[in-house]
Amino acid sequence: MKNFTLLILITLNVFSSYSQQSKLNAGAKKYDTYAYIDVIKTYERVAAKGYKSEDLFRKLGDSYYFNSNFEGAAKWYDELFGMNTSPEAEYYYRYAQSLKATGQTAKANRILEEFNIKFKNDSRAKLYRENVNYLDKIKANSGRYKIENAGINSKYSDYGSFVYNNKIYFASARDTGNFSQRKHKWTGEYFTNIYDADIDTKSDSASKVNKIRSTVNTRFHESSLVFTKDGNTVYFTRNNFVDGKKGKDANKVTLLKIYKASLENGKWTNVTALPFTSDNYCTAHPALSPDEKTLYFASDMPGTMGQSDIFKVNINASGGFSSPENLGKGINTEGKETFPYVPNENEIYFASDGHPGLGGLDVFVGQIETDGSIDDIQNLGADINSPKDDFAYIIDPVSRRGYFSSNKDGGLGSDDIYKFLETKRLKCVQELSGVITDAATGIILPGTKVTLYDGMQRIKNSTVADASGLYSFGVECGKTYYVRAEKPEYATKEVSITIPKESGKTDLPIALEKSVCKVVVGDDLGKCFGIKRIYFDLDKSNIRTEAALDLEKILDVLKQNPTMKLDIRSHTDSRASHQYNEALSNRRAKSTIEWLINNGVPTNRLTGRGYGETQLVNLCSDGVQCTEEEHQMNRRSEFIITGL
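Residues numbered from 1 in each chain as written. Predicted model: local features only at pLDDT ≥ 70, side-chain atom pairs only at ≥ 80, totals over all residues. Heavy atoms only, no water.

Draft legend 1. Local environment of the pattern of salt bridges. Under the defined criterion, the tally for this structure stands at 27 salt bridges. For Lys257, the salt bridge identified is with Asp279, shortest N-O distance 3.1 Å. A residue pair is termed long-range when its members are at least 10 positions apart, and Lys257 in strand E12 (residues 256-264) and Asp279 in the loop between strand E13 (267-273) and strand E14 (283-288) qualify at 22 residues. The class for Lys257 is buried, based on a relative accessible area of 10%. (Salt bridge = Lys/Arg side-chain N within 4 Å of Asp/Glu carboxyl O. Helix = DSSP H or I, 4+ residues; strand = E, 2+ residues; numbered from the N terminus. Buried < 20%, exposed > 50% of the residue type's maximum accessible area, 1.4 Å probe, protein only.)

Structural data, given as structure tokens:
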């Protein structure tokens, strides 16, 4: 890109419990009465009695954390860490976040320091980025394009393309007029106007070039045109000139402005400068977001960090514009950032001489985060970029075909337009998807809210599971994400996953558990709390500490539901004599009943006995070889509801 172009055109909730709803047993359920068990409140009442367990405190902490009650979360996470255990990395982070939210900054920092020491590989624990040789990165990003001359170039400057309705529009310094040819004093080239050419969709070649006959073109510079999808509005760059009048800054220089025109009766009318432009600074190279609610552009307006920065404005429903917003340090440098382009993949392409490149302007791509910041900026590689100026990159996100401009060696004129096919994506692209189901029944749960977080717990995206219970997100390879699923009457669940480093699809089904346990006569109350067995010492029937914690949950439900009656059933596996197993299980059932009676449950509400090995749930009877896991299924405790 020659000096005149540089100066004129660029100097411009709940918690994850183990409760589940029992499968219906039609023969045992004789009544229509239901009881709703609030599992969280039961845990709190149990904890208030002095019972301690990591599982109990994790679940209570999560129940408040997911509902943004950080004071409550800090309380229970404090209990968790007070047990001198080693929780997972997630709990260090949640604890620190909760402490910060409640003003306990010093304590939060101590937890984060411990977090950073124990989990060095966690993305949130990295306080600095690794320094990578940028030339190696550019080399790694190269070899991904097939590039050709676009077939529309002249011996003059041609640049800044835009494709609409199978036509390519671009700026050119050629002058096809018969008279009134005006040349720029600095270069001897003609002032740039907007030209177009038809594109053959089969061969991807352009036909004869035409200078558009419109009020868009004047005797001064025009460039960087962009249409709205309906074709009724065009934004473009022009020297400060409208209605035959030139505007000048304090130094008598005519700068650049972004203009807007409307299509009426087949003609472009109402050419006006956008309200945020000025005689005293440049605005140029407009680019619309896919939803056409945001206009990106380059400018050296007040607030610019370098020679020119990329800004954006919001376009409201009435067609008005917000105040310009600088895109910030993530993208802008002390150098020049210009020629933005935003396809529909939350990416922004731009040219810069401030980011590490091969020389002059290079083309880069950055990720647009949900908060509007720009992250993960990468050089497109040595196919597109050169030691000269490379800029004005556009790409169709479906076909991966596009155009860019450059004054690299081997061209026809001072700037030329090149067409390309991207044969390999710069970023490894993955689709993360899964089906949301009920953990107990396996039924799908459409309407579940699913939120995607990055490794720093920043929201990346959010969706609602469709009629098939399916959710889907576009994610980046090699990164760790957190997927949170929320649905009324279910415990919020958050799952972490690290995406493979090759393009493809990753399946992450999520099974949600009921937070409110609905029971009827014949149900096993223990399943509300994930109680599979009451633990006793080997060959003994005295209540252990772990057993007392689970029995406290049963006790709390009985107190909250004074008419509920239970039948306590104890079972063993088959690996002792039938007589021994029956006697042992009977003693254990009686010990369980005695504990509940001693803690205030009337005798007439409880029955029970031991069944030994008489009600095996699988084929692991005497003489059958089974695994330990299979035998474990038969060693179980049941709390069958016999009355409500």
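Text resumes after the structure shown.
Draft legend 2. Structural view of the packing of aromatic side chains. Throughout the structure, instances matching the rule amount to 26 aromatic pairs. Here the aromatic rings of Tyr393 and Phe420 are separated by 4.9 Å at their centres, their planes lie at 15°, and the arrangement is stacked. With Tyr393 in strand E22 (residues 390-395) and Phe420 in strand E24 (residues 416-422), this residue pair connects regions lying 27 residues apart in the sequence. The buried category is assigned to Tyr393, whose relative accessible area is 2%. In textbook terms, an aromatic cluster arises when at least three aromatic residues are bridged by ring pairs, as seen for Tyr145, Tyr349, Tyr393, Phe404, Tyr418 and Phe420. (Phe/Tyr/Trp six-rings, centres within 6.5 Å; stacked < 30°, edge-to-face > 60°.)

Draft legend 3. The sheet that holds E22, seen in detail. With antiparallel pairing, 4 strands are arranged side by side in an open sheet as E2-E24-E23-E22. If you trace the sheet from one side to the other, it starts and ends with strand E2 (145-149) and E22, each paired once. On average, adjacent strands in this sheet sit at an angle of 25° to one another, irrespective of strand direction. Of the strand pairs in this sheet, strand E23 (residues 401-406) and E24 are connected by 6 bridges, and their pairing is antiparallel. Along E24, the bridge assignment pairs Gly402 with Phe420. (Pairing = 2+ DSSP bridges. Axes fitted to C-alpha atoms, helices over the stretch in contact; angles between N-to-C directions.)

Draft legend 4. Representation of the state of the cysteines. Evaluated as defined, the whole model comprises 2 disulfides. Here Cys517 is linked by a disulfide to Cys528, with a sulfur-sulfur distance of 1.8 Å. Because the torsion about its S-S bond is -75°, the bridge between Cys517 and Cys528 counts as left-handed. Taken together, the residues Cys517 in strand E33 (residues 516-519) and Cys528 in the loop between E33 and helix H8 (545-560) connect sequence positions 11 residues apart. With relative accessibility at 1%, the residue Cys528 sits in the buried group. Here Cys620 is linked by a disulfide to Cys626, with a sulfur-sulfur distance of 2.1 Å. Taking the sign of the torsion about the S-S bond as the criterion, the disulfide between Cys620 and Cys626, at about -105°, is left-handed. (Disulfide = S-S within 2.5 Å.)

Draft legend 5. Up close: the packing of helix H2 (residues 39-48) against helix H3 (residues 54-65). In the contact formed by H2 and H3, the axes pass within 10 Å of each other and the chain directions differ by 130°. For the element pair H2 / H3, the angle class is oblique. Our pair here, H2 against H3, has a crossing hand that is left-handed. The segment H2 lies against H3, with Ile40, Tyr43, Glu44 and Ala47 engaging Leu56, Phe57, Lys59, Leu60, Ser63 and Tyr64. Of the residues in the contact of H2 with H3, the class split is 7 nonpolar, 1 polar and 2 charged. (Parallel < 35°, antiparallel > 145°, perpendicular 65-115°, else oblique. Left-handed = near helix turned anticlockwise from the far one by under 90°. Contact = heavy atoms within 4.5 Å. Nonpolar A, V, L, I, M, F, W, Y, C, P; charged D, E, K, R; others polar.)

Draft legend 6. Representation of unusual backbone geometry. Even without being a glycine, Glu292 presents a positive backbone phi close to 60°. With respect to the helices, strands and loops of the structure, Glu292 is situated in the loop between E14 and strand E15 (294-299). Of note in the backbone geometry, Arg400 takes a positive phi value of approximately 60° without being a glycine. Within the fold, Arg400 resides in the loop between E22 and E23.

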